[in-house]
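Chains, contacts and geometry: an overview
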Amino acid sequence: MESHNVTLIPGDGIGLELTDATRRVLEATGVKFNWDIVHAGTDVMAEYGTPLPDHVLESVRKNKVALKGPITTPVGSGFRSVNVALRKELELYCCLRPCKSYTGTPTLYSNVDLVVVRENMEDLYAGIEFEKDSADANKLISFLGGLSAKIRPDSGISIKPLSEFGCRRIVHFAFEYARANKRKKVTAVHKANIMKFSDGLFLAVARDVAPAYPDVEFEDRIVDNMTMQLVKKPQQFDVLVCPNLYGDIISDLCAGLVGGLGVAPGANLGDGIALFEPTHGSAPKYKGMNKANPMAMILSGVLMLRHINEFAAAEQVERAIAAVIADGKNVTYDLKSEDRQGSAVGTSQVADAIIDIMGKI
Ligand code: NAD
């Protein structure tokens, strides 16, 4: 049987416990992995002088597939986000976040099954920022003043670039994904009525690309209306394609529709490289407590299994997760209703329960 070379980045915070649980479940499928375990984040700063050492990037470039736990970005420390840097360095331009209801999850909704396709490289995440009172900010403000833009002199500025290339690439991805996964509709999310030259370009490109996929329905929504419609009737949506910032916000909203961050997996995809990670962060307050839900990371592993063509193993794990959720006994606090919090189990017990059911189905 083929053995798959996969870079494993355990992360920090709850990452180590989740990675351990995920690895046990994936290995219980019988699929063989050669894990190349490498570390990134504040914990490696002292040893390598950087939170993202070159050998981590080299490993992902070599293996082309990576599974990653969450990594903390300390606020206000000047420490750049390893998560954003990984996506940039490896040109992982698409963030794919499926949000699906599993029966038994305590949520307001059922039958939600949608996928957020988020552009990962551009928009306000491009990192083009000018600090209030800096020489560059002052220069820019005086230049923009010359164009009669009304900007207060005490402004901080973040720039939002969207390129035609980037928009076309992500919209094509969304339609190709819809077609390959037998999904019926793509909805482009934007604020083109206000940002005419960035979101306006995104919408124009989406409208230009859509006719090449006559088998997939196309529509667009202004982002504020989109959030309202998602909360009102999420079942009407299928694939959402979004510029970076709206995609970030909407994918957390969609995670909330199906039971929260504990069940929201994700993939960062580029040309020939794929990095799988949960939508959630490192939840430092739960570090080492055997409390966090490992399902989002295990479901990210399911996406990875499909990516490496291990479809039977992917089905087996996903069905076992669905069965554990439906049974409701061996789930973490986030999947227990308020009155049953005392019966929540820990991270490793969830993995045990999934593995136990995998042996029976
Ligand atoms: P977070 O996602 O870590 O946690 C928010 C809350 O969601 C937690 O307090 C917890 O109540 C809940 N939660 C998250 N994951 C859970 C799980 N698996 N099971 C049960 N409940 C869970 O968001 P945050 O507190 O804003 O961020 C913490 C750190 O993580 C920050 O440093 C942030 O920059 C980083 N972060 C990293 C990634 C990544 O690695 N891709 C993504 C988002 C945030």
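A brief look at the structure comes next. (Residues numbered from 1 in each chain as written. Predicted model: local features only at pLDDT ≥ 70, side-chain atom pairs only at ≥ 80, totals over all residues. Heavy atoms only, no water.)

Side note on the site of the ligand
Close to the ligand lie 22 residues, the nearest being T73, G281, A283, N293 and Y333. One nitrogen or oxygen atom from the side chain of E277 is found 3.1 Å from a nitrogen atom belonging to the ligand. A distance of 3.0 Å separates an oxygen atom of the ligand from a polar backbone atom of S282. Alone, the ligand offers 810 Å² of accessible surface; in the complex the protein occludes 71% of this. Looking at the shell around the ligand residue by residue, the class counts come to 9 nonpolar, 8 polar and 5 charged. (Near = heavy atom within 4 Å. Polar contact = N/O pair within 3.5 Å; in protein donor to acceptor, adjacent residues only side chain to side chain. Areas by Shrake-Rupley, 256 points an atom, 1.4 Å probe, with all protein chains shown as cover. Nonpolar A, V, L, I, M, F, W, Y, C, P; charged D, E, K, R; others polar.)

Things to note about the sheet that holds strand β12 (residues 274-276)
If you trace the 10 strands from one edge of the open sheet to the other, you get β2-β1-β3-β12-β11-β4-β5-β10-β8-β9, paired in mixed fashion. Since the sheet does not close on itself, it has two edges, and those belong to β2 (32-37) and β9 (217-222), each with one partner. Strand after strand, the sheet turns through a mean of 25° between neighbouring axes, direction not considered. In this structure, strand β11 (residues 267-269) lies alongside β12, joined through 3 bridges in antiparallel fashion. In the sheet register, L269 faces β12, and the bridge partner there is A274. Sheet contacts for helix α4 (residues 82-89): β1 (3-9), β3 (65-68), β5 (113-119), β11 and β12; angle to β3, the most-contacted strand, approximately 170°. (Pairing = 2+ DSSP bridges. Helix = DSSP H or I, 4+ residues; strand = E, 2+ residues; numbered from the N terminus. Axes fitted to C-alpha atoms, helices over the stretch in contact; angles between N-to-C directions. Contact = heavy atoms within 4.5 Å.)

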